[in-house]
Amino acid sequence: MIVPSGIGKKRLSLLQDKVVLHGGRLVSSFEEEGRLTHVIVDDMLSIDGFKKYVEDEARVAGVPVLKTQWLSRCLAENAIIPLGEHQMFAMPKICPTVLVGTSLGHPHEEQTKEISINKDGFACAHASGMKTDNVNQLITEELGKLAKIYKNSNDHWRALTYERAINQIKKLPKPISSYEEAKVLHGIGPSLADKIWEIVEQGKLRKAEKLSEGEKVRTLELFTSIWGVGATTAELWYGMGLRNLNDVKTKAHLTHQQQIGLKCFDDLLERMSRAEAGEIAAVIRKAVEELCPGTQTFACGSYRRGKSTCGDVDVLVTHPDGVSHEGLFQPLLKKLKLSGFLTDDLMIQEQSTAQQKYLGVCKLHKENAKYRRLDIIVMPYGELAPALMYFTGSAHFNRSMRLLANKMGMSLSEHGLRAGVVRQGREKVNDGHLLETPTEASIFQHLGLEYRPPEDRDH
DNA sequence: ATCCAGACGGG
DNA sequence: CCCGTC
DNA sequence: GGAT
Ligand SMILES: O=c1ccn([C@H]2C[C@H](O)[C@@H](COP(=O)(O)OP(=O)(O)OP(=O)(O)O)O2)c(=O)[nH]1
Ligand SMILES: [Mg+2]
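The shown structure was predicted, so the numbers you read here are calculated from the model rather than taken from an experiment.

**Let's talk about the protein's contact with DNA strand D**
Reasoning step 1: Taken together, W157, R158, T161, Y162, H186, G187, I188, G189, P190, S191, L192 and K195 make up all the residues around DNA strand D.
Reasoning step 2: When atoms of DNA strand D within 4 Å of the protein are split into backbone and base, the sugar-phosphate part holds 73%.
Reasoning step 3: One of the backbone N or O atoms of G187 is found 2.8 Å from a phosphate oxygen in DNA strand D.
Reasoning step 4: Between a phosphate oxygen of DNA strand D and a side-chain N or O atom of S191, the distance comes to 3.2 Å.
Reasoning step 5: Mapped onto the surface near DNA strand D, the elements with two or more residues apiece are helix 5 (156-170) and helix 7 (190-202).
Reasoning step 6: Here the surface near DNA strand D is built from residues that sort into 5 nonpolar, 5 polar and 2 charged.

Set out below in structure tokens:
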């Protein structure tokens, strides 16, 4: 008998199917007396909840009550394995107080005053897993498919959950082999554990397979891979009956960005080698140096995190004297365009605003060079550290760190770290005051985190 | 029930 | 303002 | 979807 309380609907039916498949017999009511051999319950089911379900304890007298983990393992090994530690409660006994908990040793160095925030739930508090040893690649790939599908259809919170779960799984040193192992992880609930379980058992996700075949999903995927087209526009176009790039070119109203996106469509789908990213950054550095000696440039993004391929090149420009960065942008862009290096603009700073950002497309002067995305930001020297933090990422690392800052009554952006921020819900009521952040390390310090080099911020 | 990062440019 | 992007 |  499987007690359904706390076991997801889907997981329950999967377990039931499996039991039958393996020659087991499901008992669904207490009427079939004397034929009950094992009772399966969710790990978190309390003794009271259990008693309530069976109504009369005598009905299950002497029958072992086991965690779902026991059933999972029996099914995996195709044998009745020893009950041992899988026993939930031998019927006349009492319920163990806590079965799973976050009782791992907390090497906590919290400030003794104020409410301490447990940073274990924040990705920015942990090194990202090694790029080489993702032992759960199958799981992360399958979940990634669904994450992308949800993102493309504007269900971005669901997509966020999937991405967080994937990052969590990537850090694991050992393969996940059961529902229970997955469910314990922060950010993985019944639904995701369910899916992970299916991947482990079946080697794939039927839901992802089914959805990926659909015309809508495939079309949204195509449209959103155009630079400047997001889920909303893709859905709009799909609703208008557009189905391929030719439809889009001839029937849709295209922004300037989307026109460039289409022009460079194939090239921009690719990532470039780390070496090429270095060459592109060097072109900017040389031009900047010629225009204004002493100006500093940093290649950030995935390049600074040490990745072997880069989706684009992210260059941060600043000047140690604190003022020479002003007015540098226009001449720089002019120079790079004149040389034929910059081929198209995607976004240019409306001058006289704080942020100085350029997004565009460039091409090296080589045979068979491809169009590459290029991002340049010019920042005042006083904002160098927070700007480096921001532009180095990863995006998930930034979001995690900013969330932590938020929870601590602070606010982190590329411009600085502020304390004493007061919020009403999401709305800021008081901006608080700027903290001194001379280095990246100082930002970690303010947030009570151990410093992490760029390579370990790859979440 | 509410939050999930915070900022910028294009249109 | 909404959308898309970093 | 998940955590609080
Ligand atoms: O939503 C985002 C996207 C980016 N960034 C920051 C972190 C990121 O590292 C940097 C550069 O963005 P990019 O999109 O280039 O990411 P990347 O980390 O460089 O990866 P890729 O190799 O795909 O370019 O800007 C954010 O803070 N939030
Ligand atoms: Mg990048």
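From this point, things continue past the structure.
**Quick look at the pattern of salt bridges**
Reasoning step 1: Enumeration over the complete set of coordinates arrives at 21 salt bridges.
Reasoning step 2: One salt bridge in this structure joins R372 and E276, with 3.0 Å as the shortest N-O distance. Placement of R372 in strand 9 (residues 372-378) and of E276 in helix 14 (residues 274-291) is noted, with a sequence separation of 96 residues between them. Here R372 and E276 have matching classes, each one buried.
Reasoning step 3: Linked through salt bridges whose partners overlap, the residues forming this network are K286, E290 and K335.

**A closer look at the packing of aromatic side chains**
Within a pair of aromatic rings, the relevant descriptors are the distance that separates the centres and the angle that separates the planes.
Reasoning step 1: Taken as a whole and judged by the stated rule, the model has 5 aromatic pairs.
Reasoning step 2: Ring centres 5.1 Å apart and planes at 70° place the aromatic pair F444 and Y451 in the edge-to-face group.
Reasoning step 3: Residue class for Y451 comes out partly exposed when judged on its relative accessible area of 40%.
Reasoning step 4: Taken together through their ring pairs, the aromatic side chains of F397, F444 and Y451 make up a single cluster.
Reasoning step 5: Cation over ring: R243 sits above Y238, and NZ or CZ is 3.7 Å from the ring centre.
Reasoning step 6: Above the plane of the ring of Y371 lies K363, whose end atom (NZ or CZ) is 4.4 Å from the centre.

**A short note on the layout of surface pockets**
Reasoning step 1: Considering only enclosed or pocket space, the largest pocket measures out at about 2,200 Å³ in volume.
Reasoning step 2: Lining of the largest pocket is provided by 49 residues; of these, K151, R271, R305, A395 and H459 occupy positions nearest its centre.
Reasoning step 3: Contributing elements (two or more residues each) for the lining of the largest pocket: helix 4 (137-152), helix 5, helix 9 (215-224), helix 13 (265-269), helix 15 (301-304), helix 17 (384-392) and helix 18 (395-407).
Reasoning step 4: For the lining of the largest pocket, the class distribution of residues is 9 nonpolar, 21 polar and 19 charged.
Reasoning step 5: Volume-wise, the second largest pocket comes out at about 790 Å³.
Reasoning step 6: Counting residues per element, the ones that place at least two in the lining of the second largest pocket are helix 5, helix 18 and strand 10 (411-413).
Reasoning step 7: By residue class, the composition of the lining of the second largest pocket is 6 nonpolar, 11 polar and 9 charged.

Cut-offs and rules
Residues numbered from 1 in each chain as written. Chains lettered and ligands numbered in written order. Predicted model: local features only at pLDDT ≥ 70, side-chain atom pairs only at ≥ 80, totals over all residues. Heavy atoms only, no water. Near = heavy atom within 4 Å. Polar contact = N/O pair within 3.5 Å; in protein donor to acceptor, adjacent residues only side chain to side chain. Helix = DSSP H or I, 4+ residues; strand = E, 2+ residues; numbered from the N terminus. Nonpolar A, V, L, I, M, F, W, Y, C, P; charged D, E, K, R; others polar. Salt bridge = Lys/Arg side-chain N within 4 Å of Asp/Glu carboxyl O. Buried < 20%, exposed > 50% of the residue type's maximum accessible area, 1.4 Å probe, protein only. Phe/Tyr/Trp six-rings, centres within 6.5 Å; stacked < 30°, edge-to-face > 60°. Lys NZ or Arg CZ within 6 Å of the ring centre and 35° of its normal. 1 Å grid on protein atoms, 1.4 Å probe; cavity = no way out; pocket = protein on both sides within 12 Å on 5 of 7 lines; lining within 4 Å. Points joined across faces, edges and corners; volume = space filled by probe spheres on them.

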